[in-house]
Amino acid sequence: MLTKGEEIQGILCAELWFCDVSFHKKCAKFRDTRNTEILMPYKELVVAYLEVGDERTGMATHPELAEVTEALEGSLILYDREYRRIQLRSVRADVRAGAVLKQLAIHAPYLFFEYMPWMDQGDPDEFSRIREMVSVMRAVF
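Everything numeric in this text was worked out from a predicted model, so none of it was measured.

**Considering a nonpolar patch on the surface**
Here is step 1: A grouping of Met133, Val136, Met137, Val140 and Phe141 is seen on the molecular surface, where their side chains present a nonpolar patch of about 500 Å² in accessible area.
Here is step 2: Secondary-structure assignment places Val136 in helix α2 (residues 124-140).
Here is step 3: Since its relative accessible area comes to 45%, Val136 is described here as partly exposed.

**Here's the deal with α2**
Here is step 1: Compared with the 24 Å implied by 1.5 Å per residue over 17 residues, the 24 Å span of α2 between its first and last C-alpha is a close match.
Here is step 2: Taken together, the buried positions of α2 are occupied by Phe127, Ile130, Val134 and Arg138. One side of α2 holds all its buried residues, which, seen down the axis, span an arc of 80 degrees. Projecting away from the buried face of α2 at angles above 90 degrees are the exposed residues Asp125, Arg129, Ala139 and Val140.
Here is step 3: Buried residues belonging to α2 abut β5 (45-53) and β7 (75-80).

**Focus: the packing of aromatic side chains**
Here is step 1: The final tally for this structure, using the stated rule, is 7 aromatic pairs.
Here is step 2: Relative to Phe127, the ring of Tyr79 lies with its centre 6.2 Å away and its plane at 55 degrees, an arrangement referred to as tilted. Here the residue Tyr79 occupies a position in strand β7, and Phe127 occupies one in helix α2, the gap between them amounting to 48 residues. Taken individually, Tyr79 and Phe127 each receive the classification buried, so the pair is uniform in this respect.
Here is step 3: Here the aromatic residues Tyr49, Tyr79, Tyr83, Tyr115 and Phe127 are joined through ring pairs into a cluster of three or more.

**Describing the side chain of Arg138**
Here is step 1: You can see Arg138 is positioned in helix α2.
Here is step 2: Buried and unpaired, Arg138 has Glu44 as its nearest opposite-charge partner, separated by 7.2 Å.
Here is step 3: Within the structure, the side chain of Arg138 is placed 3.4 Å from the backbone oxygen of Lys43, a separation counted as a polar contact.
Here is step 4: In contact with Arg138, other than residues within four places in its own chain, are Tyr42, Lys43, Leu45, Arg81 and Tyr110.

Cut-off values and rules
Residues numbered from 1 in each chain as written. Predicted model: local features only at pLDDT ≥ 70, side-chain atom pairs only at ≥ 80, totals over all residues. Heavy atoms only, no water. Patch = residues over 30% accessible without salt bridge, like charges linked within 9 Å, V, L, I, M, F, W, Y side chains within 5 Å. Areas by Shrake-Rupley, 256 points an atom, 1.4 Å probe, with all protein chains shown as cover. Salt bridge = Lys/Arg side-chain N within 4 Å of Asp/Glu carboxyl O. Helix = DSSP H or I, 4+ residues; strand = E, 2+ residues; numbered from the N terminus. Buried < 20%, exposed > 50% of the residue type's maximum accessible area, 1.4 Å probe, protein only. Expected span 1.5 Å × (residues − 1). Arc of directions from axis to C-beta. Contact = heavy atoms within 4.5 Å. Phe/Tyr/Trp six-rings, centres within 6.5 Å; stacked < 30°, edge-to-face > 60°. Lys, Arg positive; Asp, Glu negative; His and termini not counted. Polar contact = N/O pair within 3.5 Å; in protein donor to acceptor, adjacent residues only side chain to side chain.

None of the figures reported here should be taken as evidence of function without further support.
Structure (C-alpha cells):
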C-alpha cells in the first residue's frame, strides 16, 4: 500500500509496502498489498540505498552497496528527480531489501547508490549536483 507521509525537512515522503517486485528494461514494477501495480521508471530515480535498523541501538544504518547481500533486511530508500523520498518495505519474508537493491543496481547502474547525511536534511543544492551527475551517467549507458 502506498501512503503519503509527512514532509521531513521540506522533503515530501511516501511509504510503499509491497508484496512483489519485477524489473523490466525501463522500470521496476511493484505490487502493493491491495494488488495495485506501481511503476517506477528508472529515468525518474536518482538515489537508492538501504536503511537497516540496528536492534541494539535502535538507530538506522546505511550499508554501502559493496556490503549489501541479497539476504539483508531493511527498507529500500529511493529519491526521485523532484527530491521526493520513497521508502519501500516488503511484506514478504522471502523478498529482502538487499535483493531488490542489487537488482536495481543491475537495471539502473547509473543511480547514486549511497546515503549522504544531507539527503534527509533537505539540501536542494547538493541534491541538484547528484541529479546532474546521474543524468550524465544515464546518458552514457
